[in-house]
Structures are given as C-alpha cells and as structure tokens.
Amino acid sequence: MAVGCCLVADAKSGDGAEVSRLTEWFLCGLNDVAAPEAVPDKRLKPEAVAAAQEMVWQAWRSANAAYDEEKLPPVRSIVLADSGVWHIPAELEADATMKYYWGRKGWRPAEGYPLFLYLHGSGDPEGEWSNGLYFARTFADGPSVYFVPRIPRTGEYYRWWQRGKQYAWEKLLRQAMAGDDVDPDRIYFFGISEGGYGSQRLASFYADYLAGAGPMAGGEPLANAPAENCRNIAFSLRTGEEDYGFYRNRLTGYTREAFDSLQRLSTEDFVHDIELIPGRGHGIDYRPTTPWLSGHKRNPWPSRVSWEDYEMDGIHRRGFYNLQVVERPDSLRRTRYEMTIADNIVNLTVDNVDYQTTETDPYWGIALKFERSYTPATSGKVRIYFNDRLVDLSRSVTVNINGRTAYRGRLNCTLANLAESCALYADPRRLFPASITLSVGE
C-alpha cells in the first residue's frame, strides 16, 4: 500500500513558478515524454486544497493551449456550419481524416453549454453528415453546442467505437473541458443506427464523463456495452418495435430488461427511458431524445460505482470515476469493480468476469444473450482517489477489498494527487487531493 506525503506546504494559485513547473510536467505527459522531474509531493492543509486545485487546473489549461495539436475552433452559431478536420494517427487508423461541424445555438449559460456528440448512421457519409448538421440545428435542446463528426473511413473501419475514434472522443473531451464553453457536467453522446450502436458502446465505456447517452434505432449485445457501467447516467434507447435488422428490436428489449432489473435493485442509480416504438421499423421520430437527455446532469463523485473493465478494440480505460487500475488482475479476462462509500467506509469488490453465450442468431452468428460468472480476483492493484464529497478527510478512512480490511487510517492531501488525477481524467471536476494504492489480493 502507498499513501503519498512528504513536506507540508501551502499552495497559492498565484504562484507563477509552481504553475510553470506543473505546466511543463503536464506538457511532457501530453507529448508522451518523460518529465525532467516529478511533481513535488507536498502535503496540503485542508484550507489550501481549493487554491491548489485552481492552480493545477490553470497549469493544465496552459499545457493544453501549448500542446501542438489540431484544436477545436472558437464556437460560433451552428447556422454558420463551421467545420474542422482532425487527422487520426496512422498507427491507430491509416489514412483517416475526421471532418466535423462545431457550433452552438442560443446564448451561453453561466456554467457553460451542454455538449452533444452526434454519431451518424451507415448511409452515404456526406449525406449522413449533412443530416447531423440538420439535427444539430433543429432539435429542441438549446442552448447547446454540437460536435458532429463525419466517419473517417467506410467498410471495415465504419465503427464509431474503434481505437482511432477513441482517440478523437478523448481529444474532444479533453479540449472541451479545458476550454471555456462547455459545462463538464452536461455532456451527452447520441446517435442513430450505426451511430446508435456506437453511442451505446461509448456510453458504457465513457460513462464517467457523461450526463447521459441516447442511442436510437440500434441495440447492441450487452457484452459490448454492459448496462452496469451506466449506473450513474441517464440512458435513453428508442428503437422501432418492427426493426428486425440485425435483431435491433430484440437486443433493445434485452437492454430494457437489464436496466429495469438494475433499477429495481437500485432505484435512484439507473435512470433510463428505453422504448420499443409500436408500428415502427428502422425509421422513428428522433426528436424526443436530446430534450430528455438535457434534463439530466452528471454526478462526478457518486458514492456507488459499478465498472466492468473491458477492452474496446484492444484498449482498456485506465480509470473510471475515482478508480484507477494500476495493475490489472488478469490480462485475459474482464474485471468487475463494485464500490460503495458511506460514512468513511469504502467497500470494494474486485472480480474476474467470464461470459457464456446463451443465445446466438442462426444466420449472422451474432451472440445475442449471455450469462456471466464471477470469481474474486486475487491479484492486481487499484488506486482510489478521494475528495471531501466522498469522505470526511479529517477522519480515518477504512477500505475493505473483497471482504478484508486493506487499509484503515487518515489520508493525506497532496499536490501530487491533484496533478496525477488531473492528468489521468483531464476533468476539472475530478482533481482529487487524496488517494491510496492497494493490492487486491492478500
């Protein structure tokens, strides 16, 4: 186990030298090169944490501004159809150029615009992209800002969840949150048809960044998008009752069953609106989704987290909400993390996950339904981050892992925790002053 602390120091947001050192450290991380020195592990007094958070975020924003990359342009009215281009690194996807529209409607709220990422279907890319611009202009979800991408390639690369697109979504989240225009607690992913599949997968994979997600005319097998990961977001899925293609209606029904079952067990945590629309096939009314989503805000510090850590196109997330995987328990299997925090007691269960297919379609060979089994993990390391919204940092904290007490004691607030959580999540709401790293096994 490790709890970082060294010398005591007050952090001041006006400390220009400290900001410069942090900016250099962040910039090295963005460029994937070793920093000349580590962030000083200065212990922070409780009254200094807020100023230190402000200083760290200032340095992060400065590093992002200095980072040599294609930037989001200044946001203007969506009516102007401002577009941009991002080039996806060749090692992630060859010859892939993502065009996008970027624009706002309405006046900026005090806390920033809600951000909608719209993913189009698998028709002609230019026509689908144009439809996305139309939806961005006309859906009743303003004030808002829209990012409307055009798929970089077709054929086997026509998937919104592949690693080249993961690069784009993480870049969008990072740049949007480091800017001045977007409310970090009102980000929504949605899409239609192929974009419905993509947004359902991305909802489960990136749930900790989202207030909500709204796939339409889709329906993914739940092995590709575990419903449990959507515990703390608003989830909408609308599909025609007669949308038989690729079993979209059946898979939407299975998703509804899963969310209904989870909500019965935890009423507050699984807000959802999943509907099979009578008499409709693949074409449905797309207008209700974004107004419903816009009524929901993210809770960036939930006291209960469910996370099935799975790979998407060969890539795993490094962290989820306030958890960070330091060492995966099993490189060949999925891992389930279930965490609850109450009265300064953290209960964490870590399990290996095995899937067994129980229903396969006879034509395409699509695995439609599954059963899961769980066995306690006996290896791996996890880092848990904390702030004063999760625990009382002035008191002792107890962490139980798989039923054993792994730690009991006080946590130290440090500048290093703030910087490292900032670099991990790139999220102004998740600058955590305290952390503890623990082995999962005995």
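Computed from a predicted structure; not experimentally measured.

1. Observations concerning the state of the cysteines
Using the criterion set out here, one finds zero disulfides in the structure. Its sulfur unpaired, Cys28 is 15 Å from the next cysteine sulfur, which belongs to Cys422. When its relative accessible area of 12% is taken as the criterion, Cys28 is described as buried.

2. What about helix H8 (residues 415–425)?
An α-helix turns once every 3.6 residues. As a result, residues three or four positions apart point the same way. The buried fraction of H8 is high, at nine of 11 residues. All of the buried residues in H8 are Leu415, Ala416, Asn417, Leu418, Ala419, Ser421, Cys422, Leu424 and Tyr425. Of the surrounding secondary structure, the elements contacted by the buried residues of H8 are helix H1 (16–30), helix H2 (49–66), strand S11 (319–320), strand S12 (323–327), strand S16 (381–386) and strand S19 (434–439). Looking at the residues trailing H8, positive phi occurs at Ala426, about 55°.

3. Here we look at the packing of aromatic side chains
According to the stated counting rule, one finds 31 aromatic pairs in the structure shown. The interplanar angle of 25° and the centroid separation of 4.7 Å between the aromatic rings of Tyr100 and Phe147 together place this pair among those described as stacked. Of this pair, Tyr100 sits in strand S3 (residues 97–105) while Phe147 sits in strand S5 (residues 144–149), placing them 47 residues apart in sequence. Judged by centre distance (5.0 Å) and plane angle (15°), the ring pair of Phe135 and Phe139 falls under stacked. With a relative accessible area of 11%, Phe135 lands in the buried category.

4. Some words on the sheet that holds S12
Working definition: the strands of a sheet are paired by backbone hydrogen bonds and lie parallel or antiparallel to each other. With respect to topology, four strands assemble into an open sheet ordered S11-S12-S16-S19, the strand pairing being antiparallel. Because the sheet does not close on itself, it has two edges, and the strands there are S11 and S19. Direction of pairing for S11 relative to S12: antiparallel, over a ladder of two bridges. Along S12, the bridge assignment pairs Phe320 with Leu323.

5. A few points about a nonpolar patch on the surface
On the surface, Phe246, Tyr363 and Trp364 cluster together into a nonpolar patch covering about 410 Å² of accessible area. Looking at the element boundaries, Phe246 is found in the loop between strand S8 (234–240) and helix H6 (248–265).

6. Quick notes on the packing of H1 against H8
Orientation of H1 relative to H8, taken along the N-to-C sense of each, is 40°, at an axis distance of 11 Å. It follows that H1 is oblique to H8 by the angle criterion. The two elements H1 and H8 meet at a crossing, and its hand is right-handed. Along its contact with H1, which presents Glu18, Leu22, Trp25 and Phe26, the element H8 presents Leu415, Ala419, Glu420, Cys422 and Ala423. Looking at the contact of H1 with H8 residue by residue, the class counts come to seven nonpolar, no polar and two charged.

7. What about the side chain of Glu194?
Looking at the secondary structure, you find Glu194 in helix H5 (residues 194–205). You can call Glu194 buried: its relative accessible area is 9%. In this structure Glu194 touches His120, Gly121, Ser122, Tyr158, Arg159 and Trp160, once residues within four positions along its chain are discounted.

8. Brief notes about the pairing of strand S14 (residues 345–360)
When strand S13 (residues 334–342) meets S14, the two strands line up antiparallel, connected through nine bridges. Each residue of the ladder has a partner; that of Glu338, found in S14, is Thr349. Taking the residues between adjacent antiparallel strands as the criterion, S13 and S14 are bridged by two residues, where Asp343 takes a positive phi near 50°. Bridge count for S14 against strand S17 (residues 397–401) is four bridges, and the pairing is parallel. Across the sheet, residue Ile345 finds its bridge partner in S17, namely Thr398. For S14 and strand S15 (residues 367–376), the ladder comprises nine bridges, and the chain directions are antiparallel. Paired with Asn352 across the strands is Thr375, a residue of S15. Between S14 and S15, which pair antiparallel in sequence order, lie six residues; one of them, Gly365, sits at a positive phi of approximately 75°.

9. A look at the packing of H2 against helix H4 (residues 163–178)
In helix packing, the relevant descriptors are the interaxial angle and the interaxial distance, both defined with respect to the helix axes. The geometry of H2 relative to H4 is characterised by a closest axis approach of 10 Å and an angle of 120° between their N-to-C directions. With respect to H4, the element H2 is oriented oblique. Viewed along their axes, H2 and H4 form a crossing whose handedness is left-handed. Along the contact surface, H2 presents Trp57, Trp60, Arg61 and Asn64, while H4 presents Arg174, Met177 and Ala178. Each residue belonging to the contact of H2 with H4 can be placed in one class, and the counts come to four nonpolar, one polar and two charged.

Criteria and cut-off values
- Residues numbered from 1 in each chain as written.
- Predicted model: local features only at pLDDT ≥ 70, side-chain atom pairs only at ≥ 80, totals over all residues.
- Heavy atoms only, no water.
- Disulfide = S-S within 2.5 Å.
- Buried < 20%, exposed > 50% of the residue type's maximum accessible area, 1.4 Å probe, protein only.
- Helix = DSSP H or I, 4+ residues; strand = E, 2+ residues; numbered from the N terminus.
- Contact = heavy atoms within 4.5 Å.
- Phe/Tyr/Trp six-rings, centres within 6.5 Å; stacked < 30°, edge-to-face > 60°.
- Pairing = 2+ DSSP bridges.
- Patch = residues over 30% accessible without salt bridge, like charges linked within 9 Å, V, L, I, M, F, W, Y side chains within 5 Å.
- Areas by Shrake-Rupley, 256 points an atom, 1.4 Å probe, with all protein chains shown as cover.
- Salt bridge = Lys/Arg side-chain N within 4 Å of Asp/Glu carboxyl O.
- Axes fitted to C-alpha atoms, helices over the stretch in contact; angles between N-to-C directions.
- Parallel < 35°, antiparallel > 145°, perpendicular 65-115°, else oblique.
- Left-handed = near helix turned anticlockwise from the far one by under 90°.
- Nonpolar A, V, L, I, M, F, W, Y, C, P; charged D, E, K, R; others polar.

The analysis is restricted to geometry; functional conclusions fall outside its scope.
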